[in-house]
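A look at the structure
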Amino acid sequence: MNIVIIGSGAREHSICASLNRSKKKTKIFCLPGNAGTENIAKNISIDLNDFKKIKSFILKNKIELVIVGPEKPLVSGIVDFLEKFNIKVFGPNSKAAQLEGSKIFTKEICKEYNIPTAGFGIFKNKSEAMKFIKKSNFPLVIKADNLAAGKGVYICNNTKEAKIAVNDIFNGKFGDADKLLIEEYLEGEEMSYFIITDGKSIKFFQTAQDHKRVLEGDKGKNTGGMGAYSPSRLINNKLEKKILNKIINPTIRALGKMGIKYKGFLYAGLMIKENEPYLIEYNVRMGDPECQTILPTLETDLLEIFLACCDKTLDKINIKWKELKSICIVVCSKGYPDKYEKKVEIKNIHKINLGKNEYLFHAGTTAYENNIYAIGGRVLSFVSLSNNYKSAKKKITKNIKNLNWSGGFFRKDIGYKVID
Ligand code: AMP
Ligand code: GLY
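Presented here is a report on the structure given in the accompanying data block. (Residues numbered from 1 in each chain as written. Chains lettered and ligands numbered in written order. Predicted model: local features only at pLDDT ≥ 70, side-chain atom pairs only at ≥ 80, totals over all residues. Heavy atoms only, no water.)

Here's the deal with unusual backbone geometry
The peptide bond linking Phe138 to Pro139 adopts the cis configuration, its omega dihedral lying at -5°. Mapped onto the secondary structure, Pro139 falls in the loop between α7 (126–134) and β7 (140–144). Residue Ser230 is joined to Pro231 through a cis peptide bond whose omega torsion reads 0°. Note on placement: Pro231 falls in the loop between β14 (227–230) and α9 (237–257). (Helix = DSSP H or I, 4+ residues; strand = E, 2+ residues; numbered from the N terminus.)

Topic: the sheet that holds strand β2 (residues 27–32)
A sheet is described by the order of its strands in space; here five strands give the open sequence β3-β2-β1-β4-β5, paired in parallel fashion. Each edge of the open sheet is held by one strand with a lone partner, namely β3 (42–43) and β5 (89–90). Bridging between strand β1 (residues 2–7) and β2 involves six bridges; their strand directions are parallel. Of the residues in β2, the one forming a bridge with Ile3 is Ile28. (Pairing = 2+ DSSP bridges.)

A look at the pairing of strand β6 (residues 120–123)
The two faces of β6 differ: Gly121 and Phe123 on one face are buried, but Phe120 and Ile122 on the other face are not. In this sheet, strand β9 (residues 180–184) lies alongside β6 in antiparallel orientation, the contact comprising four bridges. Its bridge partner being in β9, Gly121 is matched across the sheet by Ile182. (Buried < 20%, exposed > 50% of the residue type's maximum accessible area, 1.4 Å probe, protein only.)

Some remarks on the packing of helix α1 (residues 10–20) against helix α11 (residues 302–310)
Where α1 meets α11, the axes come as close as 7 Å, and the angle between the chain directions of the two elements is 100°. The angle between α1 and α11 falls in the class roughly perpendicular. Contact residues: α1 offers Ile15, Ser18 and Leu19, while α11 offers Leu302, Leu303 and Phe306. (Axes fitted to C-alpha atoms, helices over the stretch in contact; angles between N-to-C directions. Parallel < 35°, antiparallel > 145°, perpendicular 65-115°, else oblique. Contact = heavy atoms within 4.5 Å.)

So, the site of ligand 1
Around ligand 1 sit 15 residues in total, of which Glu183, Leu186, Glu190, Lys212 and Glu281 are the nearest. Lys103 has a polar side-chain atom sitting 3.4 Å from an oxygen atom of ligand 1. Surface burial for ligand 1 is 92%, taken as the share of its 470 Å² of free accessible area covered by protein chains. Of all the elements in the fold, those that place two or more residues in the shell around ligand 1 are β7, β8 (153–156), β9 and β16 (276–283). Broken down by class, the residue content of the shell around ligand 1 amounts to eight nonpolar, no polar and seven charged. (Near = heavy atom within 4 Å. Polar contact = N/O pair within 3.5 Å; in protein donor to acceptor, adjacent residues only side chain to side chain. Areas by Shrake-Rupley, 256 points an atom, 1.4 Å probe, with all protein chains shown as cover. Nonpolar A, V, L, I, M, F, W, Y, C, P; charged D, E, K, R; others polar.)

Topic: the nonpolar core
One finds Val4, Leu31, Val66, Leu99 and Leu270 to be the most contacted residues of the largest nonpolar core, which totals 47 residues. At seven residues, α9 tops the list of elements feeding residues into this core. With sequence-adjacent residues up to four places away left out, Leu31 is seen in contact with Val4, Ile5, Ile6, Gly7, Ile44, Ile46, Leu48, Ile54 and Phe57. One finds Val330, Cys332, Tyr336 and Ile346 within the second-largest nonpolar core, a separate group that totals 36 residues. (Core = buried A, V, L, I, M, F, W, Y, C linked by side-chain atoms within 4.5 Å.)

Comments concerning the sheet that holds β7
By way of backbone hydrogen bonds, the strands of a sheet pair with one another, either parallel or antiparallel. Reading across from one edge, β6-β9-β7-β8 is the order of the four strands in this open sheet, with antiparallel pairing throughout. This sheet does not close on itself; its edge strands, each paired only once, are β6 and β8. Across the sheet, the mean angle separating the axes of adjacent strands is 20° when strand polarity is ignored. Running at roughly 165° to β8, helix α8 (residues 159–170) makes contact with β6, β7, β8 and β9 of the sheet.

Things to note about a nonpolar patch on the surface
A contiguous nonpolar surface patch, about 230 Å² in accessible area, is contributed by Val153, Ile155 and Tyr185. Among the structural elements, Val153 can be located in strand β8. For Val153, a relative accessible area of 32% puts it in the partly exposed group. (Patch = residues over 30% accessible without salt bridge, like charges linked within 9 Å, V, L, I, M, F, W, Y side chains within 5 Å. Salt bridge = Lys/Arg side-chain N within 4 Å of Asp/Glu carboxyl O.)

What to know about empty space enclosed by the protein
Using the criterion set out here, one finds two cavities of 30 Å³ or more in the structure. By volume, the largest cavity amounts to about 100 Å³. Looking at the largest cavity, it is lined by 14 residues, and the ones nearest its centre are Lys103, Thr106, Ile280, Glu281 and Tyr282. Those elements that place two or more of their residues in the lining of the largest cavity are α5 (98–101), α6 (103–112), β9 and β16. When its volume is computed, the second largest cavity comes out at roughly 60 Å³. Lining the second largest cavity are 13 residues; nearest its centre among them are Val68, Phe90, Phe265, Arg285 and Met286. Going through the elements one at a time, α1 and β4 (65–68) are the ones with two or more residues in the lining of the second largest cavity. (1 Å grid on protein atoms, 1.4 Å probe; cavity = no way out; pocket = protein on both sides within 12 Å on 5 of 7 lines; lining within 4 Å. Points joined across faces, edges and corners; volume = space filled by probe spheres on them.)

Okay, structure coming up:
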């Protein structure tokens, strides 16, 4: 079966590796992929904004399944476009992808269906927003409505910080913005909760906890994710029932009422306080680094799951998981999430000898004349599974030591809440 994976991150590399383990014979193309996917698939350099070119490639190469990794093409309607040509695509269409593409769209669903979330207000200009801010208690959370690659969220502790956020957003830092969102600050511990759905049935697709801040002790700037562990330490049957009954099911129902069928992964970013879930945001894709952390624990054939999802037969699939703990540590380019040098050689990468239940997924890498170079901020995801988090982490630490890459850094405290 010929398959296309769209994206170039470690999330897409981990999807590629899982599909490569399928018992069905596959030929995988990654658009555009990275130096890691190149070892198990064929990388095709293509502009992801050029849907017509992507479609031509798919038709010419008799592709039977397309998997879309990142949010941007989903929100821009790649699924709607490809489906017009009878191409089988795993991922939500543009209407469904508004759950991530517009925070206001999601908040309005929350309001109508009583979904627990932070109290919020929508503001159409600077002066309305500032008037509200001056009367409010801090901290406050100010958000751009549109996709901002995780950067459009400001946690503000005073009026001065709030003013910067309002100015940034209305001055176009995250593209054209005619509205912003001001939210109450939620206390608690964050957890990522994943489901997969074909629009008819919903299946659990694991939990994880990400480490978003760049520095140890959860300090410093927000990043795309410095590491994660799965399952979450917070999940239990009672909490799971609440997440499904109060958050996921009403959302799918609300979409249904609007005539929107959701197909794909849905990732609920939750704040958990005293075993009560609050929705922070939805993402219409797998998380990164959560995907790299979770997929190695999947026992069921991922290709069968994707196909069942596209064929609306997900109810027939029993998704099984290994009873193991998984940890992922992301090695980043020095300087990330601010400026970092590009095209830095990762010299010792060939010295990494992965054992059983150990994985290495690439993100910002490229291969040139047998050498591997870092070209992105988040470069390598090291993952390991074990009976406990401590021994899983030990195996990763050994692998990163062998890498001994002077151009990179990583957080040494990933999983500190589950490892004493
Ligand atoms: P988002 O892009 O909406 O996921 O926000 C990025 C991060 O900001 C989240 O992962 C949280 O850590 C934090 N955050 C967003 N909204 C809130 C909120 N209402 N209360 C507390 N923290 C928040
Ligand atoms: N791990 C955060 C994200 O994928 O958005």
